[in-house]
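# Structural overview for review
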Amino acid sequence: MTALYSEILLDHFRHPRNYGSLAAPDITCEDFNPLCGDRIKIELNLKHTVVEDVRFRGDGCAISVAAASLLTELIAGVDIKEVEAIPDERLISALESDIKPARVQCALLPLQALRTGLRDHKGQ
Ligand code: FES
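So, a few notes on the structure that sits alongside this text. For every chain, the first residue of the written sequence is number 1, and numbering continues from 1 along that sequence. Local features are withheld for residues below a pLDDT of 70 in this predicted model, meaning they are given only at 70 or higher, and side-chain atom pairs are given and counted only at 80 or more; totals for whole chains, interfaces and linings count all residues. In computing side-chain values, all of the structure's heavy atoms are included and hydrogens and water are not.

As a further point, take the nonpolar core. Among buried residues, the Ala, Val, Leu, Ile, Met, Phe, Trp, Tyr and Cys ones that are joined through side-chain atoms within 4.5 Å form a nonpolar core. Only protein chains enter the calculation, and the probe is 1.4 Å; a residue is then buried if its accessible area is under 20% of its type maximum, exposed if over 50%, and partly exposed in between. Counting residues in hydrophobic clusters, the biggest one holds 35 residues, and the most contacted among them are Ile 42, Leu 44, Ile 63, Leu 71, Ile 75, Leu 95 and Leu 114. Helix and strand labels come from DSSP, where a helix needs a run of H or I of at least four residues and a strand needs a run of E of at least two; each type is numbered from the N terminus. For this core, the secondary-structure elements that each account for two or more residues are β1 (27-32), β2 (39-47), β3 (50-58), α2 (62-75), α3 (80-84), α4 (88-94) and α5 (104-123). A total of 9 residues in this core trace back to one element, the largest contributor, which is α2. With residues near it in sequence (within four places) discarded, Leu 44 still touches Leu 22, Pro 25, Asp 26, Ile 27, Val 51, Asp 53, Val 54, Ile 75, Leu 114 and Leu 118. Contacts are residue-level and defined by heavy atoms, with any inter-residue pair within 4.5 Å sufficient.

Encoded structure:
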């Protein structure tokens, strides 16, 4: 039998990686889940076009916090062109959990925040 939440998900929820804020972020990404009002904020510092440093803050559920934590690990040291191309499935599969359809929005909240922030940054 598969546990509802994987060890990876629980570990990232209990011990979120890259949690906090950057002193002077180059890009700030923020979004909220309209279904519950939970927010995730991701801050990036770039070196040229590569994510040099990343932090997140959020007060969401276990899935959204774990997904944000995992996402910061996925994008650290990665070119923002590749970051923009990360598909939903990559983050969902990284959670290694049985994410029910009603909770997919929780898992994708950090990725949506990131995409919004990168899009706004490009538009500047
Ligand atoms: Fe709010 Fe999951 S319940 S983000």
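Take the side chain of Glu 43 next. Relative to the assigned elements, Glu 43 resides in strand β2. Here the positive residues are Lys and Arg and the negative ones are Asp and Glu; neither His nor the chain ends is included. We define a salt bridge as a side-chain nitrogen of Lys or Arg found within 4 Å of a carboxyl oxygen belonging to Asp or Glu. Look at Glu 43: it is buried, it has no salt bridge, and the nearest opposite charge is Lys 41 at 4.2 Å. One polar contact links the side chain of Glu 43 to the main-chain amide nitrogen of Leu 22, over a distance of 2.6 Å. Once residues lying within four places of it in the same chain are set aside, the contact partners of Glu 43 are Ser 21, Leu 22, Pro 25, Ile 27, Thr 28, Asp 53, Val 54 and Arg 55. Under the rule applied, a polar contact is a pair of N or O atoms within 3.5 Å (in protein, one hydrogen donor and one hydrogen acceptor; residues adjacent in sequence only if both atoms are side-chain atoms).

One non-glycine residue with positive phi stands out, namely Asn 18, at about 55 degrees. In this structure, Asn 18 sits in the loop between α1 (7-14) and β1. Among the residues examined, Asn 18 registers a relative accessible area of 28% and is labelled partly exposed.

Scope: geometric values only; no functional claims are made or implied.
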